[in-house]
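Spelled out from the first residue to the last, the chains are:
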Amino acid sequence: EAGVAQSPRYKIIEKRQSVAFWCNPISGHATLYWYQQILGQGPKLLIQFQNNGVVDDSQLPKDRFSAERLKGVDSTLKIQPAKLEDSAVYLCASSSGLAGPDTQYFGPGTRLTVL
Amino acid sequence: AQSVTQLGSHVSVSEGALVLLRCNYSSSVPPYLFWYVQYPNQGLQLLLKYTSAATLVKGINGFEAEFKKSETSFHLTKPSAHMSDAAEYFCAVSRYNQGGKLIFGQGTELSVKP
């Protein structure tokens, strides 16, 4: 079974530029998560989708971050414009449902460096 | 509000020694608890999870954890460390009515000396 795919793996941009990350979840998984992991910290949830609807985006900086999950499969996370503090690893995860004990499967992440 | 505290940002053990990584949680309702491992430049991999069944949970690679409600703890252990265990370990908590959202601790980096 293929895992969660993410691209690109690495991205370097200058501040005020825009960037987009792509995620393809495990086939059949209805729930998709985007986490931000700043160096030395645990991942923090940015946004959660159930199929193509948003379940939780309370910690997404909506003035610069946006995300979509068209057709309930792939997802794209965008940052525009980027700030220095956005340097982090962006992790995508998927699970089969919304229940608390459902296991989340993580992709390899995209490491963003903002100069 | 839920939170997770991992005691010790860095733990170093000798190969063959006991591994003990500490995790304490705060939750007003019974939580679901998870341990994930992250190898360099990789995503997170589930080691084990507690879902209110047995309090002693066995996971992959010889790891286990015990849920202790009275101590609000979920410490991760392994009897004998291998060099391949060197990685970052994250404890996380979720609740049944929060859509599976995970709240992570800050992580503990495990080093294994030969």
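As shown above, the structure is provided for reference.
Rules of the game
- Residues numbered from 1 in each chain as written.
- Chains lettered and ligands numbered in written order.
- Predicted model: local features only at pLDDT ≥ 70, side-chain atom pairs only at ≥ 80, totals over all residues.
- Heavy atoms only, no water.
- Helix = DSSP H or I, 4+ residues; strand = E, 2+ residues; numbered from the N terminus.
- Rg over C-alpha atoms; globule rule 2.2 N^0.38 Å.
- Areas by Shrake-Rupley, 256 points an atom, 1.4 Å probe, with all protein chains shown as cover.
- Lys, Arg positive; Asp, Glu negative; His and termini not counted.
- Charge placed at Lys NZ, Arg CZ, Asp CG, Glu CD.
- Contact = heavy atoms within 4.5 Å.
- Buried area = accessible area lost by both parts, 1.4 Å probe.
- Salt bridge = Lys/Arg side-chain N within 4 Å of Asp/Glu carboxyl O.
- Polar contact = N/O pair within 3.5 Å; in protein donor to acceptor, adjacent residues only side chain to side chain.
- Buried < 20%, exposed > 50% of the residue type's maximum accessible area, 1.4 Å probe, protein only.
- Pairing = 2+ DSSP bridges.
- Axes fitted to C-alpha atoms, helices over the stretch in contact; angles between N-to-C directions.
- Disulfide = S-S within 2.5 Å.

This brings us to the overall build of chain B. Broken down by element type, chain B carries zero helices and eleven strands. In summary, chain B has a C-alpha radius of gyration of 14 Å against a globular reference of 13 Å for 114 residues, a match within 12%. Counting only C-alpha atoms, chain B reaches 45 × 30 × 20 Å along its principal axes. When the accessible area of chain B is evaluated, it comes to approximately 5200 Å², of which 51% is carbon and sulfur surface. Here chain B carries 9 positive and 7 negative side-chain charges, and the mean point of each set is 9 Å from the other.

Bringing the interface of chain B and chain A into the picture now. With 23 residues of chain B at the interface, the matching set in chain A holds 25 residues. When chain B packs against chain A, close to 1700 Å² is buried across both sides, 50% of that on carbon and sulfur atoms. A:D56 serves as the salt-bridge partner of B:K101, at 3.9 Å between the closest nitrogen and oxygen. In this assembly, chain B and chain A are joined by five residue pairs in polar contact (both at pLDDT 80 or more). Elements that contribute at least two residues to the side of chain B that touches chain A include exactly β4 (32-38), β5 (44-50) and β9 (87-94) of chain B.

Let's shift gears to the pairing of strand β3 (residues 19-26) of chain B. Residue and element names in this part refer to chain B. With burial as the criterion, only one face of β3 is covered, namely that bearing V19, L21, C23 and Y25; the residues L20, R22, N24 and S26 on the opposite face remain uncovered. Bridge count between strand β1 (residues 3-7) and β3: five bridges; the pairing is antiparallel. For V4, the partnering residue across the bridge sits in β3 and is Y25. Relative to strand β8 (residues 73-78), β3 runs antiparallel, the two being bridged by four bridges. Bridging from a neighbouring strand, L21 pairs with L76 of β8.

Here we come to the sheet that holds strand β7 (residues 64-68) of chain B. All names here are of chain B. Pairing is antiparallel in the open sheet, where five strands are placed in the order β1-β3-β8-β7-β6. Each edge of the sheet is formed by a strand with only one pairing partner; in this case those strands are β1 and β6 (56-58). Along the sheet, successive strands turn relative to each other by an average axial angle of 20°, direction set aside.

What follows is about unusual backbone geometry. Residues and elements named next belong to chain A. A cis amide bond links S7 to the next residue, P8, at an omega of -10°. As for its placement among the helices and strands, P8 is situated in the loop between β1 (5-7) and β2 (10-13). Following Q80, the chain continues to P81 via a peptide bond in cis, the omega torsion being -5°. Relative to the elements of secondary structure, P81 occurs in the loop between β8 (75-79) and β9 (88-95). Within the chain, R16 stands out as a residue other than glycine whose phi angle is a positive 80°. Within the secondary structure, R16 is located in the loop between β2 and β3 (19-24). The phi angle at N51 is positive, at roughly 55°, despite the residue not being glycine. Here N51 is to be found in the loop between β5 (44-50) and β6 (53-56).

All right, on to the state of the cysteines then. Residue and element names in this part refer to chain A. With the rule as written, the count across this model stands at two disulfides over all chains. The disulfide partner of C23 is C92, and the S-S distance across this bridge is 1.9 Å. Its S-S torsion of about -70° marks the bond between C23 and C92 as left-handed, since a negative value means left-handed. A residue pair is termed long-range when its members are at least 10 positions apart, and C23 in strand β3 and C92 in strand β9 qualify at 69 residues. Exposure remark for C23: the relative accessible area of 0% places this residue in the buried category. When its relative accessible area of 0% is taken as the criterion, C92 is described as buried.

Residue and element names in this part refer to chain B. In this fold, Q6 is placed in strand β1. Given the relative accessible area of 2%, Q6 is considered buried. For Q6, the side chain forms a polar contact with the main-chain nitrogen of C91, separated by 3.0 Å. Setting aside chain neighbours within four positions, we find Q6 in contact with R22, W35, Y89, F90, C91, G105, Q106, G107 and T108.

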